[in-house]
Amino acid sequence: MTETTTQTTTVSPACQTQYLQTVPGILKIVEIILCLIVVICVAVQGFPGSGWVWFTAISAFVTTLILLIFHLVGLVGRLAGPWPLIQFIYYIIISVFFLIAAIVAAVYARYHGAIITATVFSFGATIVYAIDTYFQFVDWRSSQSVVVSTTTTSA
């Protein structure tokens, strides 16, 4: 008689709330809040070019929220891929997008108070995303492994 034993192990992501106390975690929360404020301001008063501001704020909100969730559940460390480089490139792109969005909003800022507010918070988001870009750069540089090989010859 043969007895078979099967053991199943389920790995569930644990919530790492301590990430919210780090500088990148705090920056992501601030970025999400700024994106929401910009979206609300653009929704209150549309203007020529508001589509770009809307697109930038919504896409930044969604992707930053996804990245925050990935960090909170520890997926960034477990997923395949060069995540520090991916995040660094993302933050460069979204910083430039927000700078363009802030300039577009600034052109029409004299027409309505909501557009002025969208402009101010878009420039604020640009600054916060640029600061986060720096931290992503530092993370990316520190994640690269440096292989130093030395050869010695004896005479």
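The structure under discussion appears in the preceding block.
Everything quoted here is computed from the prediction, not taken from an experiment.

Rules and cut-offs
- Along each chain, residues carry numbers from 1 onward, in the same order as the chain's sequence is written.
- In view of the model being predicted, local features appear only for residues whose pLDDT reaches at least 70, and side-chain atom pairs are presented and counted only at 80 or more, with totals across whole chains, interfaces and linings using the full set of residues.
- Computation of side-chain values covers all heavy atoms of the structure but excludes hydrogens and water.
- Helix and strand definitions here come from DSSP, where helices need a minimum of 4 consecutive H or I residues and strands a minimum of 2 consecutive E residues; each element is numbered from the N-terminal end.
- For every residue, the accessible area (1.4 Å probe, protein chains only) is compared with the maximum for its type, and the residue is labelled buried under 20%, exposed over 50%, or partly exposed between those bounds.
- In what follows, residue pairs with any heavy atoms lying within 4.5 Å of each other are defined as contacts.
- Here a Phe, Tyr or Trp ring, Trp counted by its six-membered ring, pairs with any other such ring whose centre lies within 6.5 Å, and the pair is stacked when the planes are under 30 degrees apart, edge-to-face when over 60, and tilted otherwise.
- Lines fitted to C-alpha atoms define the axes here, with helix axes fitted over just the stretch in contact, and angles between the N-to-C directions of these axes take values from 0 to 180 degrees.
- In this scheme, roughly parallel covers angles under 35 degrees and roughly antiparallel covers those over 145, while 65 to 115 is roughly perpendicular and the rest are oblique.
- Take the far helix as your reference; a near helix turned counterclockwise from it by less than a right angle gives a left-handed crossing, and one turned clockwise gives a right-handed crossing.
- Under the grouping applied here, Gly and all other residues not named as nonpolar or charged are polar, the nonpolar ones being Ala, Val, Leu, Ile, Met, Phe, Trp, Tyr, Cys and Pro and the charged ones Asp, Glu, Lys and Arg.

Visitor: Pulling in residues and values, what's your account of the overall build of the protein?
Guide: Scanning the protein from terminus to terminus reveals five helices and zero strands. Along its sequence from the N terminus, the protein presents helices and strands in the succession α-α-α-α-α. Residues counted as buried form 34% of the 155 residues belonging to the protein. A separation of at least 24 residues holds for 77% of the contacts in the protein among residues at least 6 apart in sequence.

Visitor: I'd like to hear about the environment of Phe 70, residue by residue, with values.
Guide: Counting through the fold element by element, Phe 70 comes out in helix α2 (residues 50-72). Given a relative accessible area of 21%, Phe 70 falls into the partly exposed group. Residues Phe 70 and Gln 16 lie 54 residues apart in sequence; the distance between their C-alpha atoms is 10.0 Å. Residues in contact with Phe 70, not counting those within four places in the same chain, are Leu 75, Val 76, Leu 79 and Trp 83.

Visitor: If you had to explain the packing of aromatic side chains to someone new, which residues and values would you point to?
Guide: Between two aromatic rings, the relevant description is the distance of the centres plus the angle of the planes. With the rule as written, the count across this model stands at 13 aromatic pairs. An angle of 65 degrees between the planes, with centres 5.0 Å apart, marks the rings of Trp 52 and Phe 97 as edge-to-face. Placement of Trp 52 in helix α2 and of Phe 97 in helix α4 (residues 83-107) is noted, with a sequence separation of 45 residues between them. Residue class for Trp 52 comes out partly exposed when judged on its relative accessible area of 29%. The exposure class assigned to Phe 97 is partly exposed, which follows from its relative accessible area of 26%.

Visitor: Help me get a handle on the packing of α2 against α4, residues and values and all.
Guide: Running from amino to carboxyl end, α2 crosses α4 at an angle of 155 degrees, the nearest separation of the two axes being 9 Å. Considered as vectors, α2 and α4 are oriented roughly antiparallel to each other. Judged by the twist between their axes, the crossing of α2 over α4 is left-handed. Contact residues: α2 offers Trp 52, Val 53, Phe 55, Thr 56, Ala 57, Ser 59, Ala 60, Thr 63, Thr 64, Leu 67, Phe 70 and His 71, while α4 offers Trp 83, Gln 87, Tyr 90, Tyr 91, Ile 94, Phe 97, Phe 98, Ile 100, Ala 101, Val 104 and Ala 105. Per-class residue counts for the contact of α2 with α4 are 17 nonpolar, six polar and no charged.

Such coordinate-based values are descriptive only and should not be taken to indicate function.
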